[in-house]
Amino acid sequence: MKLLSLIIGMFIPFCIGAQLYGTITDNQGETLPFVSIYIKGSSQGTSSNINGEYKLNLSKGDHQIVFQYVGMETIIKDISISDADVILNLTLTPQAALLSEITIAANAEDPAYRVIRNAQKKRKYFQNLIKKFSCDVYIKGNQKMTKAPKKMMGVEIGDLEGALDSNRQGIVYLSESISKLYYKSPHKLKEVVYSSKVSGDDNGYSFNTAREMELSIYDNTMDFSRQLVSPIAENAMAYYKYKLEGTFYEDGRLINKIKLIRKRETDPSFYGTVYIVEDIWNVHSIKVGVTSRASQLYFIDSIEIDQVFVPIDKPDIWRIFSNNISFKLGAFGFEMNGNFSATYSNYDLISIINDDFFNKEVFVVEKDSNKKDSIYWAENRPTPLTVEEKVDYIKKDSIQKVRDNPAYKDSIDRENNIFKIVNALRGYRHNRSSKHTYWDIGSPLSHLGYNTVQGYNASVDLSWWKYFDKEHTNRIILNGNVGYGFSEKKIRANGSIIYRPNRLNQSYITFIGGQSIKQINKFAPIDELRNTLYGLFARKNFPKYYGYEFAKLGLGKEVVNGINIRVMTGYEKRNSLVNKSDISYYYKDTREFTINNPWGLVTDFLEIPSFNTHEVMSLELYADIRFGQEYIVYPDRKYSSGNEGPLLSFKYRFLSGINNDISLHALSATLSDEITAGAYGRSEYIIRGGTIMQKNDLQIMDYFHFSGNQFTISDPARYGSSFLMLPYYTHSTDGKFVEAHYQHFFDGYIMDKVPGINKLGFGLVAGAKFLSAQGHGSYYEAHIGIDKIGWHILRILRFDVVMASSEGKIDWGYRIGVKIGGGSF
């Protein structure tokens, strides 16, 4: 790895003399977590743990040690170190902020505004002041379940792999990491993790990352589920009022303590306090929080952020020293709190960092970083563990050793593999954990439905997995489905074999084959559930099907970062199908089901093509290009970082008939992206176009079809790439086409400013769509809607008013979107 030749060592060696340690409390005797403790004039230091305990390795000699906590008076202690450890317990008192020298007239502006305006003027200066740096980062993540039900939807929760005690409480996630963070102006950031530890998983890699904790007050917005406006952003005064609560001196500097007052509780803004240095106008520290309503993370109670900045070079070069993010959340009977605390130390502003070091690999976990022993961690973790954390490591490591024993796994499997009556409805899974082999039979209730071709129908999913390594990166997966149509009286079965040798380059080889029933529109815009409900209760059958027999071979791989290539080739046999069922509970005398032929829905518009059973050989080539893809690399896997540019996808399709004259050469491309607009929300777009370059005896399923919608109750997950009122087959073409979709989510930017409505937590969304298909007129849509309709975490509804225009005719309609779980209805 090129990275190894560019990084020399993990820490700058220094001579350790002894440890300074102790406990820090406030004047009420309460312990103070996350106190910043560092050697004055340096960035070498530590933070106290959640029980106020700290330790600091010091070389022999005299030191001035700074104890700093947001809202408390900073204490500087002279410490002399020889060979013996030094115990120092401290009490910090609330900061005595003075207003005696400031006179504020009743109608005068609060002095805080002068400070904020100066900080706004210097925001970009401090944002761009440091051109390069590297530093060490220690992160500890601790998440504790404080309440957990015994059952959820009738399913036993258990003890969460030994995490919960008899009171249904306990640490569910504990991890530590030590990394090196590199930065070069203007926006190059890279993190290399050298040490990683996860409680209960000695082979696990921590997901802690300083990059994800990089919430900078010098940016205009900070990224949560929505963009939150910084207290010193360019437009901050549209969201905040400010109050100067006092000033105090610290090491010769005058510090302004400013309270943040949100203008509206629904705004994307913080509550809390910021401390700004007079004359320099940089941020000294912050103690801010965000509510669930402001962040639109409705499952949280609150998120609080404490950051302390320290001078690392004179006169005005300050960098973050400690960053603690705490949270409380709850849903469905679970309650949890936790924190991720980071300590930044050993800043280096001088070492040369070459440009070629900064590539698209932005987060790297080094091999064997998870193999460090307890002696290493005792010597190198700057923040001591609490008693509860020590016990958690010991307990879960012991549990892991037991559970990794093949005999134990076999005994657990024998118990869990017993077939119960409920499995006949819920599905059944059989484990051979010691052999890394699993198979299951899906619930027969998951695929019960009705359509006019099959009548009532049901199918069952079958799966088998075999992993060839403990990390589950090298595996083979077999999937199958067996279904039966009761009116059609026909069984169909199909399956696939997928082999994935690793998770670094997304390579795979697959074979698929069998029989299935498919929608003629390849986008399959109509899901089984909606079709069943509309068929049985509204006597409408929008989807059109054909029989499909196939045997295909596929290959895929990421050839270079951001470019994936896939190929699929094989045999296809397509059979025409007709309606076999006429069942419905309502409208039997007033409505008729349509025939299973899409052209039958468009009279006198196109000659209805014949569709005879035929066989073809097919070849499909795909290329996906993700521009600017940054990625995260673990020793055994690779992930996209989520920070990338547009996705450009190409598809080429070739058909050659068997004992017929069918032939086809078709090419299409799609460009898509999501754009963040700060406090104004976010936009997404999709542009797609294609052409059939050569054709002969073209069959109906090989036309370009479009993702339309004729259901009033719709699927919001499809709105970004589908039309809301376009009939499914009216614009299908065997020529050229271009379509575009755009929608913008205001994320509360408008709704939060409407009195009364802003209490509801709804969001405004608007969009526009366009389609031009050869042989048809242009089609347009515009829509505006209310999103996130619901209460608390259950915001499952969206309502849109839609205007559609085609050939000069304008139609109006509405769509009710229903979201269920992670998907939609």
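Look a little higher up for the structure.
Predicted model only: the values in this text are computed from it and were never measured.

A. Summary view of the environment of Ser463. For Ser463, the location among the structural elements is in strand β27 (residues 455-467). Separated by 136 residues in the primary sequence, Ser463 and Phe327 place their C-alpha atoms 39 Å from one another. Once residues within four sequence positions are removed from consideration, Ser463 is found in contact with Tyr438, Trp439, Asp440, Leu478 and Asn479. Engagement of the side chain of Ser463 in a polar contact is seen with the side chain of Asn479, the distance being 3.0 Å.

B. Broad picture of the nonpolar core. Formed by 66 residues in total, the largest nonpolar core has its most connected members in Phe224, Tyr242, Ile258, Phe270, Ile276 and Tyr344. Considering every element that reaches this core, the biggest residue donor is strand β20 (residues 300-313), with seven residues. Those residues in contact with Phe270 that sit more than four places away from it in its chain are Met222, Phe224, Leu228, Val229, Pro231, Tyr240, Leu260, Arg262, Val288, Gly289, Val290 and Ile305. The next biggest cluster of nonpolar side chains, apart from the first, holds 36 residues, and it includes Ile520, Tyr546, Ala666 and Met701.

C. The arrangement of the packing of aromatic side chains in detail. Evaluated as defined, the whole model comprises 37 aromatic pairs. Geometrically, the ring pair formed by Phe126 and Tyr218 is tilted, given 5.8 Å between the ring centres and 35° between the ring planes. With Phe126 in helix α1 (residues 112-128) and Tyr218 in the loop between β13 (188-198) and β14 (221-223), this residue pair connects regions lying 92 residues apart in the sequence. Judged by centre distance (5.7 Å) and plane angle (80°), the ring pair of Phe723 and Tyr779 falls under edge-to-face. Placement of Phe723 in the loop between β39 (713-714) and β40 (737-745) and of Tyr779 in strand β42 (residues 779-791) is noted, with a sequence separation of 56 residues between them.

D. Quick look at the sheet that holds strand β3 (residues 45-47). Read from one edge to the other, the open sheet built from four strands follows the order β3-β2-β5-β6, with strand pairing classed as antiparallel. Among the strands making up the open sheet, the edge pair consists of β3 and β6 (75-81). Across the sheet, the axes of successive neighbouring strands diverge by a mean angle of 20°, strand direction being ignored. Of the pairings in the sheet, the one linking strand β2 (residues 36-39) to strand β5 (residues 61-68) comprises four bridges and is antiparallel in character.

Here is what the cut-offs are and how they apply
Residues numbered from 1 in each chain as written. Predicted model: local features only at pLDDT ≥ 70, side-chain atom pairs only at ≥ 80, totals over all residues. Heavy atoms only, no water. Helix = DSSP H or I, 4+ residues; strand = E, 2+ residues; numbered from the N terminus. Contact = heavy atoms within 4.5 Å. Polar contact = N/O pair within 3.5 Å; in protein donor to acceptor, adjacent residues only side chain to side chain. Core = buried A, V, L, I, M, F, W, Y, C linked by side-chain atoms within 4.5 Å. Buried < 20%, exposed > 50% of the residue type's maximum accessible area, 1.4 Å probe, protein only. Phe/Tyr/Trp six-rings, centres within 6.5 Å; stacked < 30°, edge-to-face > 60°. Pairing = 2+ DSSP bridges. Axes fitted to C-alpha atoms, helices over the stretch in contact; angles between N-to-C directions.

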